[in-house]
Amino acid sequence: MKVALVCHSDLLGGASVVTYRLMQALRHRGVDARMIVYSRLSDDDNVILVGSRFVRGIKFMTERLKIFLSNGLKYDNLFKVSIANTGYPLHLHPWVKEADVVALNWVNQGLMSLKGVESLASTGKPIVWTMHDMWNCTGICHHAYECPRYEDECGMCPLLGAVKENDLSRKVWFKKKALYDKVPIHFVAVSNWLAGQCAKSGLLSGRDVRVIPNAFPVDTFSTELSGDSPMLNIDFNRDLIVMGAARLDDPIKGLDYAIDALNFIFDNNPAVAKKTTAVFFGDMRNSAAFDRLRFPYTWVGRINDPTTVRGLYAAAKVVLSTSLYETLPGTLIEGQAAGCLPVTFGRGGQSDIVTHLKDGYIAEYKSVEDIAKGLCWALAQEPDKKALHESVRERFASSEVARRYIELFDEITNSKK
C-alpha cells in the first residue's frame, strides 16, 4: 500500500512531529508512506518539499493578508485562525498520483486550499483527514476556547473582533460545509475530547469521525535514569516536577496557573517545597514571568536533545500541564512513559491519558488550589513506574497507532473497490 501524508512540515510544530512519527511507523509496518510538506527540516528522502521558497512565501502572505484585512489590521490573533484560500494543486503531485490513500493532516498557511481538497477528491483517491486541533469543525479558528458559535454557523468571530454575523468566519464555515457535503472524507480525531467537539459542530456532526491518537515513541522512554543522562545542573536527589512546552509563556499553556499553584504550596506546605524543585523547559519570550515564583525552580530553556528530555522525565516524579486547552498533550504521555504521574487540567484530551487518582490527577479547570492539591498528591505517591510506562505503550506506541491507521486504510480502500 502507498500512502501520501500531507502536512505543513515534517518537524516544525507538534502536528508535524507526530505526522512524521506516523510515517516512520507505517513504513516500519511495510507501508510505502511518504510526506509532502510546505516546510522541510529533515533530510529524509521520504519527505518532499513543495514549490519554491518564493511561491511558498506568496501563498502564505496571501492568506495572512486576507485575515489581516478582515480583523481590523490587528496582529494579536492573526495566527489563531486560517481560511485555506490558497495552496498547491497537490492532486497533480506524482506522489499523490501514485498513492492508494491520501492522508491530510495540518495543511494550513499556504499548503492546501479548500478548493485544492476538492480537486484532490476528484482524482478518486480515498481521503483521510487527521485533525490535530479544532479547525476542521469551526469556521476559521484552531481552538474555539469558550466560543460556541462553531456549533451553528460561526459569525461575529471574537478572534476577528467582528460585529457582523456574515463575517469571514461564517463565509469560510459555509465553504467547508459545501466541501464536506460534496467530498467523501474520513476524519480522524486524535482524542475523544476532539471527537466530542466535532459532534457538537454544525460542520462535522453526523459525519465519519474516528478516534486514533497520535503516535509516540514510547519505547524510547525509560523509567530509570541512565548513568549517561545529562544533568542540566539539576539536583536529582530532590523531588522533581517537570513542565515543558515549545513556548512556555504561550497564553494557552497557562503558565500563570502553574506559578500560582507552586506558590500556594510554598506558602501553605513548606515541607513539600523544601524537598522539591520545579523544572521548566522550553522557550520563553519573557523569562521575567518567573520572577514572582517563590517555589524552588529552574528554567533550562529549550532542550533540543531528545535523550536529555527523556532523562529529565526519568528523574522526575511529576509531569505538570496547566494548559487551558490541549487536543492530546504529548508532554503528559512522554512523562508517563518515563514513570511520572501527570497533574493537569482536563479541558482537552487529558482524560484519554489520565485516570483521575489512579495514574494521575485531573484538577478542576482553572483552579490553582486544586492543581496544588494534585501536585501534593502526586509527590506523595510511590507509583509502579513500569506499569505507567506499559499503560501508555498499549495506547500510544507508534506501532499500535500505525496498526489502527492501516486498518482504516484497508477498510476504505476495500470499500472503494
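All chains use their own residue numbering, which begins from 1 and follows the written sequence. Only residues with pLDDT of 70 or above have their local features reported here, since the model is predicted, and side-chain atom pairs are shown and tallied only from 80 upward, although totals for entire chains, interfaces and linings are computed over all residues. Water and hydrogen atoms were dropped before computing side-chain values, which therefore reflect all heavy atoms in the structure.

Peer 1: Mind laying out unusual backbone geometry, listing which residues take part and the relevant values?
Peer 2: The phi angle at Tyr 145 is positive, at roughly 55°, despite the residue not being glycine. Secondary-structure assignment places Tyr 145 in the loop between β5 (127-131) and α5 (168-182). For Tyr 145, a relative accessible area of 31% translates into the label partly exposed. Secondary structure elements are defined from DSSP: runs of H or I of at least 4 residues count as helices, runs of E of at least 2 residues count as strands, and each element is numbered from the N terminus. Whether a residue is buried, partly exposed or exposed follows from its accessible area with a 1.4 Å probe, protein chains only, as a fraction of its type maximum: under 20%, in between, or over 50%, in that order.

Peer 1: Can you break down the pairing of strand β6 (residues 185-189) residue by residue, with the values?
Peer 2: Among the five residues in β6, four count as buried, and that is most of the element. Handedness of the β-α-β unit built from β5, α5 and β6 comes out right-handed. Two strands qualify as a pair provided that DSSP identifies no fewer than 2 bridges between them. With three bridges connecting them, β6 and strand β7 (residues 209-211) associate as parallel partners. From the neighbouring strand, Val 188 faces β7, where its bridge partner is Arg 210. Every crossover in which the path from the first strand over the helix to the second runs clockwise, viewed with the strands pointing away from the viewer, is termed right-handed.

Peer 1: Residues and numbers for the sheet that holds strand β3 (residues 47-49), please.
Peer 2: One key point about sheets: their strands pair by backbone hydrogen bonds, in either a parallel or an antiparallel sense. Taken together, the seven strands give an open sheet; going across it, the order is β3-β2-β1-β4-β5-β6-β7, and neighbouring strands pair in parallel fashion. The strands lining the two open edges of the sheet, one partner per strand, are β3 and β7. This sheet shows a mean twist of 25° between the axes of neighbouring strands, independent of strand direction. In this structure, β5 lies alongside β6, joined through five bridges in parallel fashion. Counted as the bridge partner of Met 131 is Ala 189 from β6. Axes here refer to lines fitted to C-alpha atoms; in helices the fit is confined to the stretch in contact. Angles between the N-to-C directions go from 0 to 180 degrees.

Peer 1: Would you mind going over the sheet that holds strand β8 (residues 239-247) in detail, with residue names and values included?
Peer 2: Taking strand neighbours across the sheet as the criterion, the six strands line up as β10-β9-β8-β11-β12-β13 in an open arrangement whose pairing is parallel. A strand with exactly one partner marks an edge of an open sheet, and here the two such strands are β10 (297-299) and β13 (361-363). Between one strand and the next, the sheet's axes are offset by a mean angle of 20°, whatever the strand orientation. What makes two residues a contact is simply this: any of their non-hydrogen atoms within 4.5 Å. Relative to the sheet, helix α10 (residues 330-337) contacts β8, β11 (318-321) and β12 (341-345), its axis offset from that of β11 by approximately 175°.

Peer 1: Mind laying out a nonpolar patch on the surface, listing which residues take part and the relevant values?
Peer 2: Nonpolar side chains (Val, Leu, Ile, Met, Phe, Trp, Tyr) are joined into patches within 5 Å and like charges within 9 Å, using only residues with over 30% relative accessible area and no salt bridge. Accessibility throughout is a Shrake-Rupley quantity obtained with a 1.4 Å probe, and a residue counts as covered only by protein chains that appear here. Definition used for salt bridges: Asp or Glu carboxyl oxygen within 4 Å of a side-chain nitrogen of Lys or Arg. Taken together, the side chains of Leu 11, Leu 12 and Leu 41 make up a nonpolar region of the molecular surface, amounting to roughly 280 Å² of accessible area. Among the structural elements, Leu 12 can be located in the loop between β1 (2-9) and α1 (14-28).

Peer 1: An account of the packing of aromatic side chains is needed here, citing residue identities and associated values.
Peer 2: Each Phe, Tyr or Trp ring (for Trp, its six-membered ring) is paired with any other whose centre lies within 6.5 Å, and the angle between the two planes then decides the class: stacked below 30 degrees, edge-to-face above 60, tilted in between. Using the criterion set out here, one finds 18 aromatic pairs in the structure. Look at Phe 281 and Tyr 313: their rings are 6.2 Å apart centre to centre, the planes differ by 80°, and that puts the pair in the edge-to-face class. You can see Phe 281 sitting in strand β9 (residues 276-283) and its partner Tyr 313 sitting in helix α9 (residues 306-315), a full 32 residues away along the chain. The same class applies to Phe 281 and to Tyr 313, which are both buried. Among the aromatic residues, those joined into a cluster by ring pairs are Tyr 145, Tyr 257, Tyr 325, Phe 345 and Tyr 365. Seen from the ring of Tyr 88, Lys 59 lies directly overhead, with NZ or CZ sitting 5.0 Å from the centre. Criterion for a charge above a ring: Lys NZ or Arg CZ within 6 Å of the ring centre, and within 35 degrees of the ring normal.

Peer 1: A description of the side chain of Ser 42 should follow, citing residues and the corresponding values.
Peer 2: When you line up the elements, Ser 42 lands in the loop between β2 (32-39) and β3. On the basis of relative accessibility, which here comes to 14%, the residue Ser 42 falls in the buried class. Among all residues touching Ser 42, those that are not within four sequence positions of it are Asp 10, Leu 11, Tyr 20 and Val 47.

Peer 1: Can you lay out the environment of Asp 370 for me, pointing to particular residues and giving the numbers?
Peer 2: Here Asp 370 is to be found in helix α11 (residues 368-380). Taking the relative accessible area as the measure of exposure, Asp 370 reaches 16% and is therefore buried. Along the sequence, Asp 370 and Val 343 sit 27 residues apart, while their C-alpha atoms lie 9.9 Å from each other. With residues near it in sequence (within four places) discarded, Asp 370 still touches Tyr 361, Ile 362, Ala 363 and Glu 364.

Peer 1: Quick one: what's the story with a positive patch on the surface, residue by residue and with numbers?
Peer 2: Residues counted as positive are Lys and Arg, residues counted as negative are Asp and Glu, and His and the chain ends are not counted. For this purpose, a charge sits on NZ of Lys, CZ of Arg, CG of Asp or CD of Glu. Residues Lys 66, Lys 115, Lys 164, Lys 171 and Lys 175 make up a contiguous surface patch of positive charge. Following the sequence through the fold, Lys 175 ends up in helix α5. For Lys 175, a relative accessible area of 54% puts it in the exposed group.

Peer 1: Break down the nonpolar core for me, with residues and values.
Peer 2: Ranked by internal contacts, the top residues of the largest apolar core, which has 85 residues, are Leu 104, Met 112 and Tyr 313. The dominant element in this core, judged by the number of residues it contributes, is α5, at five residues. Discounting chain neighbours no more than four positions away, the residues touching Met 112 are Val 6, Ala 84, Thr 86, Gly 87, Tyr 88, Leu 90, Leu 104, Val 107, Val 117 and Leu 120. By size, the runner-up hydrophobic cluster in this structure holds 32 residues, among which are Leu 255, Ala 258, Val 343 and Ala 363. For the purposes of this section, nonpolar cores are sets of buried Ala, Val, Leu, Ile, Met, Phe, Trp, Tyr and Cys residues that join through side-chain atoms within 4.5 Å.

Peer 1: Report on the pattern of salt bridges, specifying residues and quantitative values.
Peer 2: Under the defined criterion, the tally for this structure stands at 23 salt bridges. Here Arg 347 makes a salt bridge to Glu 146, at a shortest N to O gap of 3.5 Å. Of the two residues, Arg 347 is situated in the loop between β12 and β13 and Glu 146 in the loop between β5 and α5; the sequence distance between them amounts to 201 residues. Its relative accessible area of 54% is what places Glu 146 among the exposed residues. The closest approach of N and O atoms between Arg 210 and Asp 208, which form a salt bridge, is 2.6 Å. On the basis of relative accessibility, which here comes to 26%, the residue Asp 208 falls in the partly exposed class. Here the residues in one salt-bridge network are Arg 149, Glu 153, Glu 165 and Arg 170, joined through shared partners.

Peer 1: Outline the packing of α1 against helix α13 (residues 398-416), supporting the account with residue identities and numerical values.
Peer 2: To characterise two packed helices, one gives the angle between the axes of the helices and the distance between these axes. Taken N-terminus to C-terminus, the directions of α1 and α13 make an angle of 75°; their axes are 9 Å apart at the nearest point. When the interaxial angle is binned, α1 and α13 end up roughly perpendicular. Across the interface between the two elements, Leu 22, Ala 25 and Leu 26 of α1 pack against Ser 398, Val 401, Ala 402, Tyr 405, Ile 406 and Phe 409 of α13. Residue type decides the class: Asp, Glu, Lys and Arg count as charged, Ala, Val, Leu, Ile, Met, Phe, Trp, Tyr, Cys and Pro as nonpolar, and the leftover types, Gly among them, as polar. Looking at the contact of α1 with α13 residue by residue, the classes come out as eight nonpolar, one polar and no charged. Each angle receives one of four descriptions, namely roughly parallel if under 35 degrees, roughly antiparallel if over 145, roughly perpendicular if within 65 to 115, and oblique otherwise.

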